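Listed below are the residues making up each chain.
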Amino acid sequence: MAVYKRTYRGYSGAITPSWSRFLVLFRFSRETLFRSKVQTAFFVLCFFFPLLCLLGIYANAHLSVFSFLGRRSEPLLNINGQFFFTYLTVQSTLSFILAAFIGPGLVSPDLANGALTLYLCRPLSRTEYVLGKMSVLVIVLSWITWVPGLLLFAVQASLSGWQWLADNLWIATGIVWGSFIWILILSLLSLALSAWVKWRIAAGGLLLATFWVGAGFAQAINAVLRTKQGYLLDVGNLVAAIWHGLFRDGVNMGFSVTEAWIALLAFCGFCLLLLMRKVKANEVIR
Amino acid sequence: MSNTIVFDNVSKFYGDVLGVNRVNLSIPPGITSLVGPNGSGKTTLMNLMTGLIRPSRGQIRILDMTPDQPEQLFRTVGYCSQFDSFPKGLTGYQFIYSYLLLFGYDPPLANELAWQAIDRVGLREAAHRKCGSYSKGMRQRIRLAQSLAHNPRVLILDEPLNGLDPLVRAETIALFRSFAKQGCHVLLSSHVLHEVDIISDQVILLSGGYVVAEGNIQGVRSEIEDHPMQILIRCDRPSVLASRLFGEDNVVEVRIHDDRRGLLVKTSNPNRFYLLMNRIALDGISIESVAPIDDDVNSVYGYLIGTEEAVR
């Protein structure tokens, strides 16, 4: 046994707060995110509909512009909960496609390259890893859902006055909560599929299939059992039921909002279970 | 604060499969090598030390820290796995830099530490190339760089010398020694037994998930009583010396060396044998050297586990 002098001095300076570490993962995933031109083009395309809505809101508030067309000063659009519900439906469809592009490439390369061990032998837990990867989807999808939605709401409020704002504040809540629910479900499902299906295209396809096959399966159950409870297996319908509640349009989906919440929570729990079973640092070779 | 890595009756089972069983170790600073055939539990021990897996039973303490304190533990431990594990699309520099940010260093400090680590493994010129385009040796070096970039006190390296050319291998061994000289722990696994012999202050021999032997290799050898110690004696009159040794009860076997300038002796009691050699030397036989030839890792491994070929 050799005798060694203890000259080692570790780092004792300031460090960033531990809660912010997961953002490092976002920072590096972001760089690879828009390398694909198709993906970038689609992301830009996602802002087309909000822009159209913005023009609509503006035109609606400046009807005198159209007086030369001989139009009476009736509103072009009814800017209400239904308007923003439609906005959210369109944007969520686009965000679904964008998630199918981005999501599958988040976890599977790390698993395929054995990089999880390297992440997890640092001060980063499995939960923080998942949060970091999820933050990529949450931030990107936020940019095309609730962020422009809130901007549209703010523009409408500024054009219509304080009274409109006070009367319709629930719409803003609906936009934010509705978007968050959708983003959370898309993110969890994308990451879970990314962890289990290593082939990116297959994982993207499976994400689309989860919704479409689920919808078909729900219809089949409804037809066979002559019920509407089958819709509880259709994630798209579950989210729609919650949105209808948030936007107060009184549409009945055949099951209560509480049932929809319970079914969605179970779905999220299942996705988390799938994800956590794969996100492990085991590196045992026999 | 304790300066040792302690395994206290540690077992790890993967379902019904044994990883390691009833491991009791106290590893002091210096270079420690884990040696054993595939599936003997080397990587499991390393994963346990780095907190990547939890023991099924027992406790592990790394310099008085437990794997339940990841924030402190991972600042102290640097791990270089044996597999190519690079997040897709990163350059060598980004690979080191991004992982340093996970330690909570601010970007300028992370940048400085990243370049220091890259310089230590001699990869400055290739630092802005993607890891995917690196040769096997370069990958090994960049992996090593990421493990030591945060200046850990415990460096755990799974087969760190694989794929390195002789020059880089020598530089890397020198790097390990410089770490050990600072009072740090360097734990490495290797299949190259003669290298383990040169590098290590102590070895841990594993087989089938059990620790077969641990400690200074000469100390381990002296405790293997089933195999008499082999000693090579260089002298001017080997046949006279051989006839003299035949009468000693601790001498099991005497053979004249092929070049007829020495003897190969097997003794069951090396200490008594060395005292005997002192007396013989005084009796007029000119003895040039007396050296044990099977107190290296290779021989000990062969006696305790199997032949060197079994390692692969």
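Described below are features of the structure shown in this document. Counting restarts for each chain: residues are numbered from 1 in the order of the written sequence. Just so you know, chain letters begin at A and ligand numbers begin at 1, following the order they were written in. Only residues with pLDDT of at least 70 are given local features in this predicted model, and only at 80 or more are side-chain atom pairs given and counted; all residues enter the totals for whole chains, interfaces and linings.

## Examining the overall build of chain A
Reasoning step 1: When you go through chain A residue by residue, the secondary structure sums to 13 helices and zero strands.
Reasoning step 2: Going along the chain from the N terminus, every DSSP run of H or I of four or more residues is numbered as a helix, and every run of E of two or more is numbered as a strand. Its helices and strands in sequence order give chain A the pattern α-α-α-α-α-α-α-α-α-α-α-α-α, from N to C terminus.
Reasoning step 3: Taken along its principal axes, the extent of the C-alpha atoms in chain A is 100 × 55 × 35 Å.
Reasoning step 4: Sorting the 286 residues of chain A into buried and exposed places 37% on the buried side.
Reasoning step 5: By definition, residue pairs are in contact when their C-beta atoms, positioned from the backbone, come within 7 Å. In chain A, the proportion of contacts linking residues at least 24 apart, taken out of those at least 6 apart, comes to 75%. Residue burial here comes from a neighbour count, namely the number of other C-beta atoms, placed from the backbone, that lie within 10 Å of the residue's own C-beta, with 20 or more meaning buried, 12 or fewer meaning exposed, and in between meaning partly exposed.

## Let's talk about the nonpolar core
Reasoning step 1: Core analysis: the largest hydrophobic core is formed by 148 residues, its most contacted members being Ile96(B), Leu100(B), Ala114(B) and Ala145(B).
Reasoning step 2: At 13 residues, the largest contribution of residues to this core is made by helix H10 (residues 169-196) of chain A.
Reasoning step 3: The contact partners of Ala145(B), leaving out residues within four places of it in the chain, are Ile96(B), Ala117(B), Ile118(B), Arg120(B), Val121(B) and Leu123(B).
Reasoning step 4: Of all hydrophobic cores here, the second largest spans ten residues; its members include Cys235(B), Leu245(B), Val265(B) and Phe273(B). For this entry, the nonpolar core is defined as buried Ala, Val, Leu, Ile, Met, Phe, Trp, Tyr and Cys residues connected by C-beta atoms within 7 Å.

## Some points on helix H4 (residues 107-120) of chain B
All names here are of chain B.
Reasoning step 1: For H4, which comprises 14 residues, the first-to-last C-alpha distance of 20 Å matches the rise-based estimate of 20 Å (1.5 Å per residue) to within 8%.
Reasoning step 2: Of all the residues in H4, the buried ones are Ala110, Leu113, Ala114, Ala117 and Ile118. Buried residues of H4, viewed axially, fall in a sector of 135°; they line one side. Of the residues in H4, the exposed ones pointing more than 90 degrees away from the buried face are Pro108, Glu112 and Asp119.
Reasoning step 3: The secondary structure elements touched by the buried residues of H4 are helix H3 (92-102) and helix H5 (136-148).
Reasoning step 4: Directly beyond the C-terminal end of H4, a positive phi value near 65° is found at Gly122. To estimate how far a helix should reach, multiply one less than its number of residues by 1.5 Å. Note that the arc is defined by the directions from the helix axis to the C-beta atoms.

## Things to note about the interface of chain B and chain A
Reasoning step 1: Each side of the interface is counted separately: chain B has 43 residues, and chain A has 35 residues.
Reasoning step 2: Elements supplying a minimum of two residues to the side of chain B that touches chain A: helix H1 (42-49), helix H2 (70-76), H3 and helix H6 (166-181) of chain B.
Reasoning step 3: In this count, Pro and Cys sit with the nonpolar residues alongside Ala, Val, Leu, Ile, Met, Phe, Trp and Tyr, while Asp, Glu, Lys and Arg are called charged and the others, Gly among them, polar. For the side of chain B that touches chain A, a count of residues per class yields 18 nonpolar, 17 polar and eight charged.

## Examining the packing of helix H12 (residues 235-246) of chain A against helix H13 (residues 257-278) of chain A
Each packed pair of helices is defined by two parameters, the angle between the axes and the distance between the axes.
Residues and elements named next belong to chain A.
Reasoning step 1: Here H12 crosses H13 at 135°, and the two axes come no closer than 9 Å. The orientation of H12 with respect to H13, classified from their angle, is oblique. Seen along the crossing, H12 lies across H13 with a hand that is left-handed. Packed against H12, whose contacting residues are Val235, Leu238, Ala241, Ile242 and Gly245, the element H13 presents Val257, Ala260, Trp261, Ala263, Leu264 and Phe267 at the interface.
Reasoning step 2: A class-by-class count of the residues in the contact of H12 with H13 yields ten nonpolar, one polar and no charged. Simply put, an axis is a line fit to the C-alpha atoms, just over the touching stretch for a helix, and the angle between two N-to-C directions goes from 0 to 180 degrees. An angle counts as roughly parallel when it lies under 35 degrees, as roughly antiparallel when it exceeds 145, as roughly perpendicular when it falls between 65 and 115, and as oblique in every other case. Here a crossing is called left-handed whenever its near helix is offset anticlockwise from the far helix by less than a right angle, and right-handed whenever the offset is clockwise.

## Side note on the sheet that holds strand E5 (residues 77-80) of chain B
Residue and element names in this part refer to chain B.
Reasoning step 1: One bridge is not enough; two strands pair if DSSP finds at least two bridges between them. Overall, mixed pairing links the six strands, which are arranged E5-E6-E7-E3-E8-E9 in an open sheet. Where the open sheet ends on each side, the last strands, each with one partner, are E5 and strand E9 (210-215). The sheet shows a mean angle of 15° between the axes of neighbouring strands, direction not considered.
Reasoning step 2: Two strands pair when backbone bridges link them, and strand E6 (residues 154-158) and strand E7 (residues 185-189) are joined in this way by five bridges, in the parallel orientation. Following the sheet pairing, Asp158 is matched in E7 by Ser189.
Reasoning step 3: Contacts from H1 reach strand E3 (30-35), E6, E7 and strand E8 (202-207), with the element oriented near 150° to E6.

## Some details on unusual backbone geometry
Residue and element names in this part refer to chain B.
Reasoning step 1: A positive phi angle, close to 50°, is found at Leu63, a residue other than glycine.
Reasoning step 2: Relative to the elements of secondary structure, Leu63 occurs in the loop between strand E4 (57-62) and H2.
Reasoning step 3: Located in the positive-phi region is Glu159, a residue other than glycine, with phi close to 50°.
Reasoning step 4: Classification of Glu159 by C-beta neighbours within 10 Å gives partly exposed; the count is 19.

## Concerning the pairing of strand E12 (residues 262-267) of chain B
Residues and elements named next belong to chain B.
Reasoning step 1: Across six bridges, the pairing between strand E10 (residues 229-235) and E12 is antiparallel. Of the residues in E12, the one forming a bridge with Ile231 is Val265.
Reasoning step 2: Examined bridge by bridge, strand E11 (residues 251-256) and E12 share five bridges and lie antiparallel to one another. Residue Val251 lies in a different strand from E12, and its bridge partner there is Thr267.
Reasoning step 3: Linkage of E11 to E12, two consecutive antiparallel strands, is achieved through a turn of five residues, within which Arg260 is found at a positive phi near 60°.

## Side note on the environment of Phe13(B)
All names here are of chain B.
Reasoning step 1: For Phe13, the position within the fold is in strand E1 (residues 5-14).
Reasoning step 2: For the pair Phe13 and Arg57, spaced 44 residues apart in the sequence, the C-alpha separation amounts to 8.9 Å.
Reasoning step 3: With residues near it in sequence (within four places) discarded, Phe13 still touches Leu18, Gly19 and Ser56.

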